[in-house]
Amino acid sequence: MSLQSVREFLGLHAPDIEVLESAEPTATVAAAAAAHGVLPGQIAKTLSLWLRDHAVLVVLGGDARLDNRKFKEHFGAKAKMLDAQEVVHWTGHPVGGVCPFGLAHPLPVFADVSLRRFDLVLPAAGSIHSALRIEPERLARITEARWVDVAQLPA
């Protein structure tokens, strides 16, 4: 169902974007980068977090880590990951296939500036075997994401 909800979302907001399906699971950054022939940083990983009493999504470069200090400074609260059942409930997507498209419930989406290092990024597309290629600015536009700086890049 979640791959279908992503396709429906894209049909409305970005009908020119093709969902890429892989025979191998691409649930990790390393697996997704290898399967699609891109740098790990180009994999747009989507984190499902609790912000006080509501769920939010933060999309960041695959080589970046959430910086708890920056997150707390920006949002005024600590980040806490949703558990696997909560992820499926709120997003409609399984862990490893979470993306900001075709969500089960409307959620605030935040795009980290770490995505802007690349012309194209590859978020998952609702399953552990799917992804899509999209420009970071377009990802933010079609998901109504707000840009934030809450990640830490590798040294």
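What counts and what doesn't
Residues numbered from 1 in each chain as written. Predicted model: local features only at pLDDT ≥ 70, side-chain atom pairs only at ≥ 80, totals over all residues. Heavy atoms only, no water. Buried < 20%, exposed > 50% of the residue type's maximum accessible area, 1.4 Å probe, protein only. Helix = DSSP H or I, 4+ residues; strand = E, 2+ residues; numbered from the N terminus. Pairing = 2+ DSSP bridges. Core = buried A, V, L, I, M, F, W, Y, C linked by side-chain atoms within 4.5 Å. Contact = heavy atoms within 4.5 Å.

Asks: Where do I start with the pairing of strand β2 (residues 43-51) in this structure?
Replies: Look at any regular strand and the pattern is simple: side chains alternate between the two faces of the sheet. Burial runs high along β2: eight of the nine residues are buried. Pairing of β2 with strand β7 (residues 122-123), which is carried by two bridges, proceeds in the parallel orientation. Directly across from I43, in β7, lies its bridge partner L122. Hairpin remark: β2 followed by strand β3 (residues 54-61), antiparallel, with two residues in the connecting loop; positive phi at R52, about 55 degrees. Looking at chain direction, β2 and strand β5 (residues 79-81) are connected through three bridges and run antiparallel. When the sheet's bridge partners are listed, L49 is paired in β5 with M81.

Asks: How should the nonpolar core be read in this particular structure?
Replies: Here is a general trend for soluble globular proteins: nonpolar side chains tend to be buried in one another's company. The biggest cluster of nonpolar side chains holds 30 residues, and the ones touching the most others in it are V6, L10, F101, V121, L132 and I134. Listing elements by their share of this core, those giving two or more residues are α1 (2-13), β2, β3, β6 (109-112) and α5 (136-143). Top element by residues in this core is α1. It accounts for four residues. Ignoring anything within four residues of it in the chain, the contact list for L10 reads P15, I17, V19 and L132. Formed by 15 residues, the second largest nonpolar core is a distinct cluster that contains V56, L60, F75 and V148.

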